[in-house]
Amino acid sequence: VLKIFRSVMTDKLGYIVPNIRVTDNPQLEADKVKIFINGMSVSEFQMTPDEAGVRVFSENLTNIFIKHADEILYNRDVEMYLKLLKTENKNEYNYLIKHTCGVRRVLANLLTENISVKNIVKIAELIYYYSFEKYSADEISELIRTDNSVKRYIQNTHTTNNEISAYELSAEMTEAVKTASSYKQELEIIEKIKQYLNPEADNTIICGKSIRLKLFKIISDVFPKTNIIAYTELLKTIKIKQKGLIT
């Protein structure tokens, strides 16, 4: 099962999966699985000893690795990615190695939102172009998301026949996200969105680029299956089919 999981993660997201240790725990029921990251429990679910159980295990593990990419991806993993560049561009390689922590943050940001880092050569080129002297890691992540190669990935992942079904935000809601500066205000935003979206369902919200990352950080824990996409991340050939306007 783990071999298949590693293969899928590498093929789909370009994610180099670290070592996974599997142990028996007599305190758990026979069909229960508990996942720990750095000694902390992050998930618990049931797994039947059949194909359906294998699928449940793989789906849960995939979701966990994506959601917790920032905790799982280490600097040494980033150095493994960057070794692919050593013969491509030495100046680029040396610069990125000096900024391994920043590169790790960018890759983790992309993976956390299910954006493939398989094309590490292109991503590294963009990081080098924008540079950490001009932009923060979060800002570079957002800029990378507007590159045509990432736009095509978003198109292939979230659209059907060049159409994307998504919720949009009203001007008032956009302003509420933009100006939210307290925990209370963020909870109010979450409660408003709950009036339209099921927290456990797959959904997409399209919004302005200036609030995209902030909105993701506000709602991602409550709406783990909701994709937040900026208008600027869509190819011009994609049509938006509005499922609702969040006000």
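From a predicted model like this one, the values you see are computed outputs, not experimental measurements.

(A) A look at the packing of helix 4 (residues 75–82) against helix 6 (residues 100–112). Axis separation between helix 4 and helix 6 bottoms out at 9 Å; the angle between their running directions is 90°. If you check the angle between helix 4 and helix 6, you find them roughly perpendicular. Counting all contacts with helix 4, which are made through N75, V78, E79, Y81 and L82, the residues of helix 6 involved are T100, C101, V103, R104 and L107. Of the residues contributing to the contact of helix 4 with helix 6, the split by class is six nonpolar, two polar and two charged.

(B) Seen up close, the nonpolar core. Core analysis: the largest hydrophobic core is formed by 52 residues, its most contacted members being Y15, L107, I127 and I144. I127 has contacts with L96, V103, V106, F132, I140 and I144, leaving out every residue within four places of it along the chain. Within the second largest apolar cluster, 19 residues are counted, among which are L169, M173, F216 and I228.

(C) Examining the pairing of strand 1 (residues 32–37) more closely. Side-chain alternation along strand 1 places V33, I35 and I37 on a buried face and K32, K34 and F36 on a face that remains uncovered. Of the pairings in the sheet, the one linking strand 1 to strand 2 (residues 40–46) comprises six bridges and is antiparallel in character. If you follow F36 over to strand 2, its bridge partner there is S41. Taking the residues between adjacent antiparallel strands as the criterion, strand 1 and strand 2 are bridged by two residues, where N38 takes a positive phi near 55°.

(D) Quick peek at the side chain of E92. Examined against the element boundaries, E92 turns out to sit in helix 5 (residues 90–98). In this structure E92 is buried but unpaired, with K122 as the nearest side chain of opposite charge at 9.8 Å.

(E) Region of interest: the layout of surface pockets. Size it by volume and the largest pocket reaches roughly 1200 Å³. Sorting the residues of the lining of the largest pocket by element identifies strand 2, helix 2 (51–67), helix 3 (69–72), helix 6, helix 8 (137–145), helix 12 (209–219) and strand 5 (226–230) as the ones contributing at least two each. In the lining of the largest pocket, the residues fall into 11 nonpolar, 13 polar and 15 charged. By volume, the second largest pocket is sized at about 970 Å³. In terms of lining residues, the second largest pocket is bounded by 28 residues, among which R21, V22, T23, K34 and I35 are the most central. At the level of secondary structure, the elements contributing two or more residues to the lining of the second largest pocket comprise strand 1, helix 2 and helix 3.

(F) Structural context of helix 6. Taking 1.5 Å of rise per residue, the 13 residues of helix 6 would be expected to cover 18 Å, and the 18 Å separating its terminal C-alpha atoms lies within 8% of that figure. Counting buried positions along helix 6 yields 10 of 13 residues, so the element is predominantly enclosed. Among all positions in helix 6, only T100, G102, V103, R104, V106, L107, A108, N109, L110 and L111 are buried. Once helix 6 finishes, N114 follows within two positions and takes phi at roughly 65°, a positive value.

(G) Inspection of the environment of P18 at higher detail. Considering the arrangement of structural elements, one finds P18 in the loop between helix 1 (2–13) and strand 1. If we ignore the near neighbours within four places in the chain, the residues touching P18 are R6, F65 and I72.

(H) View of empty space enclosed by the protein. Evaluation of the coordinates by the stated rule reveals one cavity of 30 Å³ or more. Empty space within the largest cavity amounts to approximately 60 Å³. Taken together, E113, I115, R145, I154, H158, N227, I228 and I229 make up the full set of residues lining the largest cavity. Those elements giving two or more residues to the lining of the largest cavity turn out to be helix 9 (148–158) and strand 5.

Here is what the cut-offs are and how they apply
Residues numbered from 1 in each chain as written. Predicted model: local features only at pLDDT ≥ 70, side-chain atom pairs only at ≥ 80, totals over all residues. Heavy atoms only, no water. Axes fitted to C-alpha atoms, helices over the stretch in contact; angles between N-to-C directions. Helix = DSSP H or I, 4+ residues; strand = E, 2+ residues; numbered from the N terminus. Parallel < 35°, antiparallel > 145°, perpendicular 65-115°, else oblique. Contact = heavy atoms within 4.5 Å. Nonpolar A, V, L, I, M, F, W, Y, C, P; charged D, E, K, R; others polar. Core = buried A, V, L, I, M, F, W, Y, C linked by side-chain atoms within 4.5 Å. Buried < 20%, exposed > 50% of the residue type's maximum accessible area, 1.4 Å probe, protein only. Pairing = 2+ DSSP bridges. Lys, Arg positive; Asp, Glu negative; His and termini not counted. Salt bridge = Lys/Arg side-chain N within 4 Å of Asp/Glu carboxyl O. 1 Å grid on protein atoms, 1.4 Å probe; cavity = no way out; pocket = protein on both sides within 12 Å on 5 of 7 lines; lining within 4 Å. Points joined across faces, edges and corners; volume = space filled by probe spheres on them. Expected span 1.5 Å × (residues − 1).

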